[in-house]
Structures are given as structure tokens and as C-alpha cells.
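# Examination of the molecular architecture
Listed here are the chains, written in short residue letters.
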Amino acid sequence: MSEVKNKMDFIDLLGPDMSVKILTHLDDPCDLVRVSTVSSSWHRFVIENGLCKQLCLKKFPEFTGVAHVIEVDNMIEPVSNVLGSSMNWECLERNHNVYAFLASGLTPSMKKNCISKAISASSTDNYPEESVLNTLEPRERTDYRASYWSSEGENDPSVPETLVYKLISKICLVTEIHVQPFQAYFQHGLPIYSAKAVRFKMGHPRYPMELESLVADNITANHVLGDNQFVWTYTSPEFPMFQENCLQQFKLPEPVLCIGGVLLVELLGRVQKQEMDELFYICISHVQVVGRPLSPAFDVKIHHPSGKCTLKYCPQADSCMSSTSSSSTRRDSSNPSRLRALTSSLMQRGVRRWEQIILGALLGSGSVEVDDQ
């Protein structure tokens with residue numbers, strides 16, 4: 001192939017529809033950013049077709065509830081306000097930047113405990129000594145006494161219990177949840193009051209202001225909130241809990257994007273009776289939520305119980321996300337690119353020559369440096 005033919009623009013050659021189809025096979029935001037840096041025409045193509053937003057919705061359908069986005073610094077009008085006229089380039093570029101940073105942030109590379117506050121327990125045996133607030137403390141003893149939450153006793157071992165927590169951000173990427181049953185070292189036989197199984201729900205309060213006032217007033221520790229006060233957008237499978245005195249790790253099948261910042265821990269079934277009253281109890285000493293908060297760069301304002309919300313982006317706070325994106329973008333050459341894996345997969349399936357050409361071009365763009373500023 002001559003040098004002139006090597007310089008053809010493959011997006012122009014294939015047309016917009018097929019080009020979008022090929023580019024939406026990418027699942028790494030860093031690869032899509034590389035594509036947008038190949039040339040000014042490719043940069044414009046990625047932005048005009050909203051490919052970064054498509055990637056976010058593909059990876060995390062929870063974002064379908066986002067009504068519009070706002071860039072806080074300059075308060076550009078939401079895209080929904082300009083749909084009646086031609087959508088201007090400024091709005092398209094704004095959305096590209098927002099979703100590009102958002103997609104880069106939606107990786108579980110940075111993990112921390114994402115619980116902020118304990119909100120409520122379905123029951124408490126002795127308040128405040130056995131409050132759900134104790135589950136935030138990783139140590140089993142504080143101030144020379146045991147630290148744990150205890151349910152009320154029940155004759156029926158099938159009666160469940162629930163614990164509700166507020167996360168440190170209204171947008172958190174959660175990968176796993178840890179729960180430690182409590183072992184009553186002060187009772188005969190050292191019984192462990194675990195549940196038979198555990199399940200998790202994530203979502204947002206139906207009435208956000210009511211929840212915020214409860215948290216602000218610090219009265220939630222013994223305040224039972226009904227299930228109708230929340231909208232659960234995710235429910236995990238049931239995980240068996242072992243009657244062991246250790247921090248048991250429950251890894252979710254896929255990372256979950258929690259929009260709204262509320263977690264419900266369902267403790268299903270009871271296995272341990274207390275000798276004193278012959279009733280079944282569940283006792284938990286510690287709960288952790290492992291994941292990555294997207295604040296302070298991103299926040300949401302939920303407008304309606306259906307989950308419709310405004311995504312708020314604060315560019316001045318994205319420096320941490322930029323550094324993370326930069327480190328993942330400038331990969332070690334020993335790690336194969338997802339573009340390379342995509343090329344290999346399609347070629348194994350016998351794609352036509354023009355598909356090989358465009359994928360080869362994308363693969364060649366892997367060495368382009370990305371400016372994260």
C-alpha cells in the first residue's frame with residue numbers, strides 16, 4: 001500500500017454509522033480518549049456522537065436517570081434546555097468532558113470504606129449500649145466494653161433484620177461489603193450471633209430532605225425508617241453468612257454504581273439462641289462498604305422518586321481524578337491494550353478487510369499521549 005493510501009481517514013471511508021458501531025465496542029475510557037486525540041476530525045467525531053456518554057451508559061445503566069448535567073464553574077445551561085434548537089458545540093464539548101472524567105472515575109482502582117453514618121436499625125435490644133452506631137467501630141471493644149449492635153430477640157428464627165447506612169458520597173462505585181458477626185465472649189460457650197444469609201440494597205431516599213434532617217439531628221440511631229422511605233435501584237444476590245467471628249467479605253458480582261448514597265444490609269434468618277431467654281438474636285460488630293466515592297468532582301441532585309436527577313460536575317475538584325486517569329492512560333507497554341484484544345477477537349471471527357483496516361488504525365493510535373488538563 002502506498003504512503004498516500006496509508007494516510008486515508010478511515011472514519012470518512014467507513015461513514016459515521018459503522019464508525020460509531022466499531023468505537024462503541026471499546027470498554028476502556030482511556031482507549032476512547034486516545035481515539036479522540038488522533039486528529040481534530042476524530043476528536044470532533046467522538047464529541048458530536050456523544051461516545052463518552054454512550055460508554056458510561058453501557059458500563060453503568062444507572063446513569064439513564066440523569067436528566068442533564070451542569071458544569072458548576074460556568075453554569076452552562078442544561079442540554080435539555082436547548083433541544084428545541086440546534087445543540088451547540090459548547091454543550092456537546094461540555095458533556096464530552098464531563099462523561100470522559102466520569103468514565104475515568106468509574107474504576108475500582110482506589111478502594112476505601114465508603115460508609116459515612118449509621119442511619120437506622122429495624123430493631124435494637126438495648127439502646128444506646130447496643131446501637132447500630134457501634135457497627136462503625138472496627139474494634140470489638142471500646143472503653144472497656146463490647147462494641148456491637150444487637151437485634152431484639154425473636155421466637156421465630158426466620159424474622160429478618162435490616163441496617164441502613166449513609167455513604168460518604170451520593171455517587172459511589174461499590175465493589176464489596178464486609179460484615180462481621182459478634183461473638184459474645186461474656187456468655188457461656190462464646191456464642192456467635194450471625195445471620196444465616198445477607199443481602200444488600202442500594203439506592204436513594206424517597207424524600208431526601210427528611211433523611212438529611214434526621215442525620216443532622218443525630219436521632220437516627222434508634223429511629224426505624226420504613227422501606228417505603230427509600231427507592232432501591234439495586235438488590236444483590238443472597239450470600240450465605242458463616243457463624244464465624246471474622247470480617248466476612250461479600251464481593252458483588254459486578255461493581256455497582258450507587259446513586260443516592262444509601263445502603264441497606266438485610267440480615268436473613270437467625271442461627272443462635274441466647275440461653276437466658278431462649279430467644280434468637282442477630283448481633284453485628286462491624287460493617288464496611290468497599291468502593292470508590294466520586295466526590296468531590298461529582299455530585300447529584302435527585303428531583304423525583306423515580307430517580308431523575310441532575311449530575312453536577314465540579315472541574316476544580318477533578319485533579320485527583322485526572323491523576324488517576326493519567327496513570328491508567330500511560331500504561332506499561334507490557335500490558336496489552338483493550339484495543340489489541342478487540343482486534344484479535346474480531347479477526348478471529350473473520351471480519352472483512354475494511355474492519356481490519358480501521359481497527360489497525362485504532363491500534364496504532366495507542367502511543368498517543370493524553371493531556372489530562
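Since the structure is predicted, the reported quantities are computational estimates derived from the model, not experimental observations.

Reading guide: rules and limits
- Residues numbered from 1 in each chain as written.
- Predicted model: local features only at pLDDT ≥ 70, side-chain atom pairs only at ≥ 80, totals over all residues.
- Heavy atoms only, no water.
- Helix = DSSP H or I, 4+ residues; strand = E, 2+ residues; numbered from the N terminus.
- Buried < 20%, exposed > 50% of the residue type's maximum accessible area, 1.4 Å probe, protein only.
- Contact = heavy atoms within 4.5 Å.
- Areas by Shrake-Rupley, 256 points an atom, 1.4 Å probe, with all protein chains shown as cover.
- Phe/Tyr/Trp six-rings, centres within 6.5 Å; stacked < 30°, edge-to-face > 60°.
- Lys NZ or Arg CZ within 6 Å of the ring centre and 35° of its normal.
- Axes fitted to C-alpha atoms, helices over the stretch in contact; angles between N-to-C directions.
- Left-handed = near helix turned anticlockwise from the far one by under 90°.
- Nonpolar A, V, L, I, M, F, W, Y, C, P; charged D, E, K, R; others polar.
- Pairing = 2+ DSSP bridges.
- Salt bridge = Lys/Arg side-chain N within 4 Å of Asp/Glu carboxyl O.
- Parallel < 35°, antiparallel > 145°, perpendicular 65-115°, else oblique.
- Core = buried A, V, L, I, M, F, W, Y, C linked by side-chain atoms within 4.5 Å.
- Arc of directions from axis to C-beta.

Let us now look at the overall build of the chain. Within the chain, the regular secondary structure consists of 11 helices and 18 strands. Looking at the 373 residues of the chain, the share that counts as buried comes to 50%. When contacts within the chain are restricted to residue pairs at least 6 apart in sequence, long-range pairs at least 24 apart make up 78% of them. With the model as given, the accessible surface of the chain reaches about 18300 Å², and the carbon-plus-sulfur share is 52%.

The next thing to look at is the environment of valine 174. Within the secondary structure, valine 174 is located in strand E8 (residues 171–181). Valine 174 gets classed as buried once you look at its relative accessible area, which sits at 0%. The residues touching valine 174, leaving out its near neighbours within four places in the chain, are Leu167, Met202, Leu252, Glu254, Pro255, Val256, Val289, Val290 and Gly291.

Once that is clear, we can look at the packing of aromatic side chains. If you walk through the whole model with that rule in mind, you get 11 aromatic pairs. Between the aromatic rings of phenylalanine 230 and tryptophan 232, the centroid separation amounts to 5.1 Å while the plane-to-plane angle is 20°, which identifies the pairing as stacked. With respect to burial, phenylalanine 230 and tryptophan 232 carry one shared label: buried. Aromatic side chains phenylalanine 298 and tyrosine 313 sit 5.1 Å apart centroid to centroid with 25° between the ring planes, which places their arrangement in the stacked category. Taken as a pair, phenylalanine 298 in strand E17 (residues 298–302) and tyrosine 313 in strand E18 (residues 309–313) lie far apart in primary sequence, 15 residues in all. If you follow arginine 141 out to its NZ or CZ, it ends over the ring of tyrosine 185, 3.9 Å from the centre.

Our focus in this paragraph is the packing of helix H6 (residues 51–59) against helix H7 (residues 89–105). Remark: H6 packs on H7, axes separated minimally by 8 Å, with the N-to-C direction vectors making an angle of 35°. Between H6 and H7 lies a crossing whose hand is left-handed. Listed contacts from H7 to Cys52, Lys53, Leu55 and Cys56 of H6 are His96, Tyr99, Ala100, Leu102 and Ala103. For the contact of H6 with H7, a count of residues per class yields seven nonpolar, one polar and one charged.

Glancing now at the pairing of strand E13 (residues 262–270). For E13, the tally of buried residues reaches nine of nine residues, placing the bulk of the element in the interior. Where strand E7 (residues 161–167) and E13 come together, six bridges link them in antiparallel fashion. Its bridge partner being in E13, tyrosine 165 is matched across the sheet by leucine 263. The pairing of strand E9 (residues 195–205) with E13 spans eight bridges and is antiparallel. Considered in E13, the bridge of methionine 202 is made with leucine 263.

Okay, the pattern of salt bridges next. Considering all chains together, one arrives at six salt bridges under this definition. With its nearest N and O atoms 2.7 Å apart, the salt bridge here joins glutamate 266 to arginine 199. Residue glutamate 266 is found in strand E13, and its partner arginine 199 is found in strand E9; the two are separated by 67 residues along the sequence. Through salt bridges with shared partners, a single ionic network connects Arg199, Glu238 and Glu266.

So, about the packing of helix H5 (residues 40–48) against H7. Two elements in contact, H5 and H7, have axes separated by 9 Å at closest approach and are oriented at 85°. The pairing of H5 with H7 is recorded here as roughly perpendicular in orientation. Taking contact as the criterion, the partners of His43, Arg44, Val46, Ile47 and Glu48 in H5 are, on H7, Trp89, Leu92, Glu93 and His96. In the contact of H5 with H7, the residues fall into four nonpolar, two polar and three charged.

Ranked by size, the top nonpolar core spans 33 residues in total, and within it Leu102, Leu257, Phe298 and Leu311 carry the most contacts. A per-element tally of this core places H7 first, with six residues. Among all residues touching leucine 102, those that are not within four sequence positions of it are Cys56, Phe63, Leu294, Phe298 and Leu311. In this structure, Cys114, Phe250, Val287 and Val289 belong to the second largest nonpolar core, which totals 31 residues.

It is worth spelling out H6 at this point. Here H6 has its buried residues at Leu51, Cys52, Leu55 and Cys56. Here the buried residues of H6 occupy an arc of 145° about the axis, which is enough to place them on one side.

A cis geometry characterises the amide bond from tyrosine 127 onward to proline 128, with omega recorded as 5°. By secondary structure assignment, the location of proline 128 is in the loop between strand E3 (115–121) and strand E4 (141–142). In this structure, proline 296 follows serine 295 across a cis peptide bond, with omega equal to 5°. Positionally, proline 296 belongs in the loop between strand E16 (283–293) and E17. Even without a glycine there, the phi angle at leucine 190 is positive, about 50°.

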